[in-house]
Amino acid sequence: MGTSAMNKDNLNGSKIAQWKQKELFFLVAYAFVFYIIIIVRSLQLSRDHYSKLYGLRQGWLIPNYLNDMSDAQWRNFRGNIPVLTLVFGIFTLVANLTRAFLNLKVGGMSIVWLLFSLAYLVYLHGACVIFILSIATVNYLLVKIFARKMYFPLVIWNYNLFFLLCNRIYEGYSFSIFGEQWKILDGYRGSFRWHICFNFVVLRMISFGFDYHWTNEDSHFDHEKHYQRCHICKSGKSCYQILQERSLQSDKFRYSTYLCYLVYAPLYIAGPVLSFNAFASQLDAPQNTYSVRNVICYGFRWILSLLLMELMTHVFYYNAFAISGLWKQFSPLDVFIIGYGVLNFMWLKFLLIWRFFRFWSLINGIEAPENMPKCINNCHNLEGFWKNWHASFNKWLVRYMYIPLGGSQKKLLNVWVIFTFVAVWHDLEWKLLSWAWLTCIFFIPELVLKSASKAFKAKSAFGEFIFRELSAVAGAVTITCLMVANLVGFVIGPSGINWLLSSFINKEGLPVLGGLLMTFYVGTKLMFHINEAKQMSP
């Protein structure tokens, strides 16, 4: 009986493998046709309606093509790439020469970087540096005074949330509120609004406080289990997770190191976010995860990504369509194409911004987490998407919010608190709160299904097939929900929900909606094949 059952399992396994090969061929063919349709239709829309769009500028990459520069954030970053490259090049040269000739460790390097970073801040914010240093100094004193108290989390969170909200409400304050004699400083506010960048400073101030608070406490982190699984640590190097979880001695939490961490030039404007423990550890011993060759390749890949963005904005005017509102006059299929294109544009935009600053940080010996480790088109569940979108922020949220709030035991409650904070952290706008709460609503069924799937164990090949199909259907629904939530939060706002729904819930839109769900189902199945191939690779 045992031999017969084994032969039957082998036969079923062989049939499943053959079916998967045929399925993969169909999935790839479907995806190929899908993207051909998307590209051809996008080109036609851009060519037919470019004269009605605003935000287009004279192009340079392709003759006679305009360039979509309608996104202010991308326009400002792209225009400042030469200046930022010069500034960070000088910063890197000075820092590395100083480290090499003077053999500086934590204290010395923090002072060198602090002086340069403060000069950079004065260029960006002018006299408003006074606000940054004042708020940061009071936070440091609160940490040192209350860090050993049980109510420390209440103190540090209330203080930082207070200034996070006030900075936005009062638009960075005015010096004149302190008296007429200070009014002259309002004429020297720099070229960049300080309270926008201060959102990241708030995250760093909280990180410093809790890393100091936890120095004498037992860590929840299982170092031994991590070393067994982490290929970086097995090779004798220290991965970011170890740098973050390894407690530092109290003397590393000095004021100069703290300020250097808050205003460290390469990561100051946009991150990525890293913990104080990880930052201070690398001041003493620069990162060794990336070799010089790896860093050069990283920079070269960034240049290729920039060229891809330039090509995309020259031929596809997705963001201009969304900004102008012209897409509201289009058919449901065209609305989907533009919405899908806008989300891909946003992903590539943030990838370029975050990787530019991370590249300069790596050159200076400080490794920060990668913010976009996975392509936006390779995520079929909400949890995986948010772990791979603003990944460094996600790590911060897990360490300083999710685990202290109870972790997986209170996950259904935690997501509401965390996403509300994320929305407020970005800005005080109803559309961001709508995005946060929509995401939480979509999270609930996914969490319930995941809990159920862990308890379910397929006992036959047919059972595995059914489970795989149901997972693909769930993935299609999740991708649709992700698109809706992100379009509401970052493009159309809550007032556009009715328009978006009415575009697809009608006689013309329902077949398109069905086609989209089918396409996302196919995409999810492709992701399954990609994940399985990765698991099989050595």
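Report on the accompanying structure. Note that this is a predicted model, so its numbers are computed, not measured. What you see as residue numbers is a count from 1 along each chain, following the sequence as written. Side-chain atom pairs in this predicted model are given and counted only at pLDDT of 80 or more, local residue features only at pLDDT of at least 70, and totals for whole chains, interfaces and linings cover all residues. Calculation of side-chain values draws on the structure's entire complement of heavy atoms; hydrogens and water are dropped beforehand.

Regarding the state of the cysteines
The bond known as a disulfide is covalent and runs between the sulfur atoms of two cysteines.
Part 1 of the reasoning: We call a pair of cysteine sulfur atoms a disulfide whenever their separation is within 2.5 Å. Taken as a whole and judged by the stated rule, the model has zero disulfides.
Part 2 of the reasoning: In this model Cys-239 remains outside any disulfide bridge; the closest cysteine sulfur is found in Cys-233, 3.6 Å from its own.
Part 3 of the reasoning: Lacking any disulfide linkage, Cys-440 is separated from the closest cysteine sulfur, that of Cys-481, by 13 Å.
Part 4 of the reasoning: Only protein chains enter the calculation, and the probe is 1.4 Å; a residue is then buried if its accessible area is under 20% of its type maximum, exposed if over 50%, and partly exposed in between. Classification of Cys-440 by relative accessible area gives buried; the value is 0%.

Quick notes on the pattern of salt bridges
Part 1 of the reasoning: The salt bridge definition used is simple: a Lys or Arg side-chain nitrogen within 4 Å of an Asp or Glu carboxyl oxygen. In total, this model carries 16 salt bridges according to the counting rule given.
Part 2 of the reasoning: Between Arg-41 and Asp-334 there is a salt bridge, with its nearest N and O atoms 2.7 Å apart. Taken together, the residues Arg-41 in helix H1 (residues 2-49) and Asp-334 in helix H15 (residues 332-363) connect sequence positions 293 residues apart.
Part 3 of the reasoning: Judged by relative accessible area, which is 24%, Arg-41 ranks as partly exposed.
Part 4 of the reasoning: Assessed through its relative accessible area of 4%, Asp-334 is described here as buried. In DSSP terms, a helix is any run of H or I states spanning at least four residues, a strand is any run of E spanning at least two, and both are numbered starting from the N terminus.

Thoughts on the packing of helix H2 (residues 72-102) against H15
Part 1 of the reasoning: To obtain each axis, a line is fitted to C-alpha atoms, and for helices this fit is confined to the stretch in contact; angles are then taken between N-to-C directions over 0 to 180 degrees. In contact at an axis separation of 9 Å, H2 and H15 are set at 10° when each is read in the N-to-C sense. By the criterion of interaxial angle, the relationship of H2 to H15 is roughly parallel. Each of Gln-73, Trp-74, Phe-77, Ile-81, Leu-84, Thr-85, Phe-88, Gly-89, Thr-92 and Asn-96 in H2 lies in contact with H15, whose residues at this interface are Phe-345, Lys-349, Phe-350, Leu-352, Ile-353, Phe-356, Phe-357, Trp-360 and Ile-363.
Part 2 of the reasoning: The classification used treats Ala, Val, Leu, Ile, Met, Phe, Trp, Tyr, Cys and Pro as nonpolar, Asp, Glu, Lys and Arg as charged, and all other residues, Gly among them, as polar. In the contact of H2 with H15, the residues fall into 13 nonpolar, five polar and one charged. By the definition adopted for this analysis, an angle is roughly parallel if under 35 degrees, roughly antiparallel if over 145, roughly perpendicular if from 65 to 115, and oblique otherwise. Here, two residues are considered to be in contact whenever any of their heavy atoms come within 4.5 Å of each other.

Some thoughts on the packing of aromatic side chains
Part 1 of the reasoning: Two rings belonging to Phe, Tyr or Trp (six-membered ring only in the last case) form a pair when the distance between their centres is within 6.5 Å. Interplanar angles under 30 degrees mark stacking, angles over 60 mark edge-to-face geometry, and anything in between is tilted. Enumeration according to the criterion identifies 66 aromatic pairs in this entry.
Part 2 of the reasoning: Relative to Trp-113, the ring of Phe-91 lies with its centre 6.2 Å away and its plane at 25°, an arrangement referred to as stacked. In this pair, Phe-91 sits in helix H2 while Trp-113 sits in helix H3 (residues 106-125), placing the two residues 22 residues apart along the sequence.
Part 3 of the reasoning: A relative accessible area of 1% means that Phe-91 is categorised as buried.

Focus: the nonpolar core
Part 1 of the reasoning: With 167 residues, the main nonpolar core has Trp-113, Tyr-268, Trp-327, Phe-336, Trp-389, Trp-396 and Phe-421 as its most contacted residues.
Part 2 of the reasoning: Per element, the largest residue contribution to this core is 21 residues, and it comes from H15.
Part 3 of the reasoning: Non-local contacts of Trp-396, meaning those with residues more than four positions away in its chain, are made with Trp-157, Leu-203, Ile-206, Ser-207, Val-273, Met-401 and Phe-421.
Part 4 of the reasoning: In plain words, nonpolar cores are sets of buried Ala, Val, Leu, Ile, Met, Phe, Trp, Tyr and Cys residues tied together by side-chain atoms within 4.5 Å. Counting residues in each nonpolar core, the second largest holds five residues, with Phe-221, Cys-233, Cys-239 and Ile-242 among its members.

A short note on the environment of Leu-248
Part 1 of the reasoning: In this structure, Leu-248 sits in the loop between helix H9 (240-245) and helix H10 (255-263).
Part 2 of the reasoning: Spatially, the C-alpha atoms of Leu-248 and Glu-310 are 44 Å apart, while their sequence positions differ by 62 residues.
Part 3 of the reasoning: Ignoring anything within four residues of it in the chain, the contact list for Leu-248 reads Thr-215, Phe-253, Phe-276, Asn-277, Ala-280 and Ser-281.

So, the side chain of Ser-392
Part 1 of the reasoning: Inspection of the secondary structure puts Ser-392 in helix H17 (residues 391-402).
Part 2 of the reasoning: At 3.0 Å, the side chain of Ser-392 and the backbone nitrogen of Val-273 are in polar contact. The definition of a polar contact used here is a pair of N or O atoms within 3.5 Å, where within protein one atom must be able to donate a hydrogen and the other to accept one, and adjacent residues in sequence count solely through side-chain atom pairs.

With respect to the packing of H2 against helix H13 (residues 292-315)
Part 1 of the reasoning: Relative orientation of the contacting elements H2 and H13 amounts to 130°, with a least axis distance of 14 Å. The angle between H2 and H13 falls in the class oblique. Every pair of crossing elements has a handedness; the one defined by H2 and H13 is left-handed. Across the interface between the two elements, Trp-74, Phe-77, Arg-78 and Ile-81 from H2 touch Trp-302, Leu-306, Met-309 and Glu-310 from H13.
Part 2 of the reasoning: Classifying every residue of the contact of H2 with H13 gives six nonpolar, no polar and two charged. A crossing counts as left-handed when the near helix is turned anticlockwise from the far one by less than a right angle, and as right-handed when that turn is clockwise.

Things to note about a nonpolar patch on the surface
Part 1 of the reasoning: Patches here are clusters of residues that have more than 30% relative accessible area and form no salt bridge, with a 9 Å joining cutoff for like charges and a 5 Å cutoff for nonpolar side chains (Val, Leu, Ile, Met, Phe, Trp, Tyr). Only the protein chains shown count as covering a residue, and every accessible area follows the Shrake-Rupley method with a 1.4 Å probe. Nonpolar side chains collect at one region of the surface, where Trp-60, Leu-61, Phe-300, Ile-303, Leu-304, Leu-307, Leu-308 and Leu-311 lie side by side and expose about 760 Å² of accessible area between them.
Part 2 of the reasoning: Within the element layout of this structure, Leu-304 appears in helix H13.

Re unusual backbone geometry
Part 1 of the reasoning: Pro-272 follows Gly-271 through a cis peptide bond whose omega is 5°.
Part 2 of the reasoning: Tracing the chain through its elements places Pro-272 in the loop between helix H11 (265-268) and helix H12 (276-284).
Part 3 of the reasoning: If you check the backbone angles, Asn-64 has positive phi at about 70° while not being a glycine.
Part 4 of the reasoning: Mapped onto the elements of the fold, Asn-64 is located in the loop between strand S1 (56-58) and strand S2 (66-68).
Part 5 of the reasoning: Judged by its relative accessible area of 81%, Asn-64 is exposed.
Part 6 of the reasoning: Notably, Glu-171 is not glycine yet its phi reads approximately 50°, a positive angle.

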